[in-house]
Amino acid sequence: MPPVASDATRERIIDAAEDCFGRFGVAKTTVEDIAAAAKLSRATVYRAITGGRDELILAVVVRDLLRFLDRLTERLRAERSVPEAIVEGTLDAVEYVRGAPTIAHFLVPEAAGHMQAAVAGAARHVLDLCCEYVRPHFERAQRQRQLRPEIEVEGTVEFLFRIITSLIVMDRGRDADGLRRFLRTYVVPAIAAEGACR
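I will try to describe carefully the structure that is included in this document. Quick caveat: nothing in here was measured; it's all calculated off a predicted structure.

## A look at the overall build of the protein chain
Phase 1: Looking only at helices and strands, the protein chain has 10 helices and zero strands in total.
Phase 2: Secondary structure elements of the protein chain, listed N to C terminal, follow the sequence α-α-α-α-α-α-α-α-α-α.
Phase 3: Out of the 198 residues in the protein chain, the part that is buried amounts to 44%.
Phase 4: Across the protein chain, the fraction of contacts at a sequence separation of at least 24, relative to all contacts at a separation of at least 6, is 72%.

Right, dumping it as structure tokens:
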């Protein structure tokens, strides 16, 4: 039986994949490219990443997502009101993804087919990860009657996840202040309790 790859080897391969995706784009990156960048054999890469390239794409996305979610939770703790947490948290997410070369490469048309194949079975996992990080903040807000009483926390997180995705994919060219106005006008009232919006 071949030896199981260590966590350090797996991280080395994911680092190499992130670098290759940034340099060549997702569609043009091969496992051979990644193995060469990691200075490992193809066999070692396949032992460490049994799902091949699709698993590597997802691993890079999830790792970047975790980095962002760590930052986002700190941001949410610092905000004084639910409306501002919604606005600034959403703005932070949009700016982060637009400015992250790794994620940005996954959103260009030439990568769409590859990205779809890689994450089709893992969309629930990604959404659950977002929920895990953000849920405590919305649960606390609901206990404090800062959220509309009829909405569910899980649905609220999914709604914001979809809003963030659409703002990234369909950029209308708004600057940060324009995006804040849009969010305060249309998104905040859908989530925050009436008294919290004032």
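## Comments concerning helix H10 (residues 176-191)
Phase 1: Residue Arg 184 marks the point of greatest curvature in H10, where the axis turns by about 40°.
Phase 2: Every buried residue of H10 is listed here: Gly 178, Leu 179, Arg 180, Leu 183, Val 187, Val 188 and Ile 191.
Phase 3: Two to three positions downstream of the cap, the backbone nitrogen of Asp 177 sits 3.3 Å from a side-chain oxygen, assigning the N-cap of H10 to Asp 175.

## Description of the layout of surface pockets
Over the atoms rolls a probe the size of a water molecule, and its path tells where empty space is left.
Phase 1: In this structure, the second largest pocket encloses a volume near 180 Å³.
Phase 2: Lining the second largest pocket, in full, are Val 94, Arg 98, Ile 163, Ser 166, Leu 167, Met 170, Asp 171, Arg 172, Arg 174, Leu 179 and Phe 182.
Phase 3: Of all the elements in the fold, those that place two or more residues in the lining of the second largest pocket are helix H5 (82-99), helix H9 (153-169) and H10.
Phase 4: Tallying contributions element by element places H9 first for the lining of the second largest pocket, with three residues.
Phase 5: Taken together, the residues of the lining of the second largest pocket sort by class into six nonpolar, one polar and four charged.

## Thoughts on the pattern of salt bridges
Phase 1: Counted according to the given criterion, the structure contains 15 salt bridges.
Phase 2: Residue Arg 63 pairs with Glu 18 through a salt bridge whose shortest N-O separation is 2.7 Å. Of this pair, Arg 63 sits in helix H4 (residues 52-78) while Glu 18 sits in helix H1 (residues 7-24), and the two are 45 residues apart along the sequence.
Phase 3: When its relative accessible area of 16% is taken as the criterion, Glu 18 is described as buried.
Phase 4: In this structure, Glu 154 and Arg 135 form a salt bridge, with 2.7 Å as the shortest nitrogen-oxygen distance. Taken as a pair, Glu 154 in helix H9 and Arg 135 in helix H8 (residues 123-143) lie far apart in primary sequence, 19 residues in all.
Phase 5: Judged by relative accessible area, which is 38%, Glu 154 ranks as partly exposed.

## With respect to the nonpolar core
Phase 1: Membership of the largest hydrophobic core comes to 39 residues, with the highest contact counts inside it found for Ile 86, Phe 138, Leu 147, Leu 183, Val 187 and Ile 191.
Phase 2: Those elements that provide at least two residues to this core are H4, H5, H8, H9 and H10.
Phase 3: Element by element, the count of residues in this core is highest for H5, at nine residues.
Phase 4: Residues within four places of Ile 191 in sequence aside, it is in contact with Ile 86, Phe 138, Leu 147, Arg 148, Ile 151, Thr 156, Phe 159 and Leu 160.
Phase 5: Grouped together as the second largest cluster of nonpolar side chains are 18 residues, Val 31, Val 45, Ala 48 and Val 60 included.

What counts, and where the lines are drawn
- Residues numbered from 1 in each chain as written.
- Predicted model: local features only at pLDDT ≥ 70, side-chain atom pairs only at ≥ 80, totals over all residues.
- Heavy atoms only, no water.
- Helix = DSSP H or I, 4+ residues; strand = E, 2+ residues; numbered from the N terminus.
- Buried < 20%, exposed > 50% of the residue type's maximum accessible area, 1.4 Å probe, protein only.
- Contact = heavy atoms within 4.5 Å.
- Bend = angle between axes of the 7 residues up to and from the residue.
- Polar contact = N/O pair within 3.5 Å; in protein donor to acceptor, adjacent residues only side chain to side chain.
- 1 Å grid on protein atoms, 1.4 Å probe; cavity = no way out; pocket = protein on both sides within 12 Å on 5 of 7 lines; lining within 4 Å.
- Points joined across faces, edges and corners; volume = space filled by probe spheres on them.
- Nonpolar A, V, L, I, M, F, W, Y, C, P; charged D, E, K, R; others polar.
- Salt bridge = Lys/Arg side-chain N within 4 Å of Asp/Glu carboxyl O.
- Core = buried A, V, L, I, M, F, W, Y, C linked by side-chain atoms within 4.5 Å.

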